[in-house]
Amino acid sequence: MIVAYGVANLFQSVAAAQTTTGRSFDPGLLLRLAGHRSYLIGVACQVLGFLLAFLARRDLPLFLVQASVAAGLGVTAVFGVVLLKWRLPRAEVVLLLLLGAGLTALVLSAQPAQSGPLGPTGVIGLALALPLIAGLGFFAIRLHGAPGSVALGSLAGLAFSAAAIAARPLASVHSLDGFLRDPLLYLLIVHSVIGQLLLGLAMQRGSTTAAVAAMDAAGAVPAAIVGLLLLNDKIWPGREWLAAVGFLVTLAAVIGLTRYAAPQHGGLAKQQLAARLQPPEPPEPPETMRAQPPRPVPPPTLLPRAEQYASTPEAAHRYRR
C-alpha cells in the first residue's frame, strides 16, 4: 500500500506539470490528464493502494492507515533517487528514518478491531461535506502559486479523509447486496473523484511540494479524530502516548519529505521521466522507400490516324493514298 501510493505521487505530479493549468472547477481536467501515460500509471497505482487501504481499514484504526498512506512520500523519495538520480541529503535520510520510527510506533500502539457503525448522523455529515468542499474549491481555484496549491491540496485532503471515513465501516459489510445498497459506497466514490480533481488542480499551481504536504495533513488528522471518537478505533491500554508521538512524528516527517520527494515543475527530473514514458517515434524510412512525387504525364498528341499508325513520314503518305 505504501509503495503504491508513493509511486502514484511521483507519476501524477509529472502528468500535472505537462497539462494546461485548469482555470475552473472542471471535471474535464481529469480527461486531459488521462491523455498522459504517466497519469494513467499513477492512477493505476493509486487504485491499487486504495484497494489495499480499504482492506486494511476493515480491522485497523484510521490513524494507522492514513499515516501509512501519507508515508508513501518516503517511497517517492527513494524511487526518485533510484530512477531519476535525485540527490538525497543527510537531512532527508534522517527524515526517512523518523518516518519509519513513527510508523513503527503506530503499529505497536494500534489495536485491531472492526469498525462501529457510523450512524445516520455521520452519513448526513459526509453528504453535507460534498457541496461544502466543492463550493470552497470554486473559490480556491482562483488562487495561484503556493497559496493555491495549499488551499486546493487541503481541500483534496479533506475529500480523501471523508472517503476514508466512509470506507472504514463499509469494509465490514460482508454481503454484496448490502455493500451495493450502502450509501457510504457512493459517498466514498464521489468524495474520491472530487479529491482527485482537486489534487490535480493543486499540483498545477506551481508547487507540488505544498500541494502534497497540505493534502497529507488535511487527510490524516480529521480521519484519525473521527475514527477514535465514532468508529471504534482503539489503542492498546497504556500506549496512548506512543500513538500520539508516532502520529506526530510521521506527519512531521512526511511534511519535511515533501520538499524533496516531489519533483518541481519544469525540473530536469520531470523531463527525464516524461521522456521515458513517451512512446518511441517510428524510424525514418530508407531513401528508396520514401514516397516520391508522381511524375507528370505528357498530354496525348493529337495526330491524324495515318501518323498514329505509321512509323515514318513516307509510310504515312502511302497510308493517306
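See the structure above.
Residues numbered from 1 in each chain as written. Predicted model: local features only at pLDDT ≥ 70, side-chain atom pairs only at ≥ 80, totals over all residues. Heavy atoms only, no water.

A. Just the side chain of Gln66, in detail. Tracing the chain through its elements places Gln66 in helix H4 (residues 62-70). One polar contact links Gln66 to Arg57, side chain to side chain, over a distance of 2.8 Å. Ignoring anything within four residues of it in the chain, the contact list for Gln66 reads Arg57, Ala164, Gly219, Ala220 and Ala223. (Helix = DSSP H or I, 4+ residues; strand = E, 2+ residues; numbered from the N terminus. Polar contact = N/O pair within 3.5 Å; in protein donor to acceptor, adjacent residues only side chain to side chain. Contact = heavy atoms within 4.5 Å.)

B. A nonpolar patch on the surface, seen in detail. There is a patch of nonpolar side chains on the surface, built from Leu176, Leu180, Tyr186, Ile189, Val190 and Val193 and spanning about 550 Å² of accessible area. If one sorts the elements of the nonpolar patch by residue count, helix H10 (residues 183-203) sits on top with four residues. If you trace the backbone, Tyr186 turns up in helix H10. (Patch = residues over 30% accessible without salt bridge, like charges linked within 9 Å, V, L, I, M, F, W, Y side chains within 5 Å. Areas by Shrake-Rupley, 256 points an atom, 1.4 Å probe, with all protein chains shown as cover. Salt bridge = Lys/Arg side-chain N within 4 Å of Asp/Glu carboxyl O.)

C. Focus on the side chain of Ser115. Residue position: Ser115 is located in the loop between strand S1 (110-111) and helix H7 (119-140). Beyond its immediate stretch of four places on either side in the chain, Ser115 contacts Arg58, Arg168, Pro169, Ser172, Leu231 and Asn232.

D. Broad picture of the layout of surface pockets. As a volume, the largest pocket reaches approximately 640 Å³. Considering the residues around the largest pocket, the lining is formed by 29 residues, among which Tyr5, Gln46, Phe50, Phe160 and Gln196 are closest to the centre. Top contributing element to the lining of the largest pocket by residue count: H10, with seven residues. (1 Å grid on protein atoms, 1.4 Å probe; cavity = no way out; pocket = protein on both sides within 12 Å on 5 of 7 lines; lining within 4 Å. Points joined across faces, edges and corners; volume = space filled by probe spheres on them.)

E. Local environment of the packing of helix H8 (residues 145-170) against H10. The geometry of H8 relative to H10 is characterised by a closest axis approach of 8 Å and an angle of 160° between their N-to-C directions. Comparing the axis directions of H8 and H10 gives the class roughly antiparallel. Crossing of H8 over H10 shows left-handed handedness. Residue composition of the contact of H8 with H10, by class: 18 nonpolar, six polar and no charged. (Axes fitted to C-alpha atoms, helices over the stretch in contact; angles between N-to-C directions. Parallel < 35°, antiparallel > 145°, perpendicular 65-115°, else oblique. Left-handed = near helix turned anticlockwise from the far one by under 90°. Nonpolar A, V, L, I, M, F, W, Y, C, P; charged D, E, K, R; others polar.)

That's the geometry; what it means functionally is another story.
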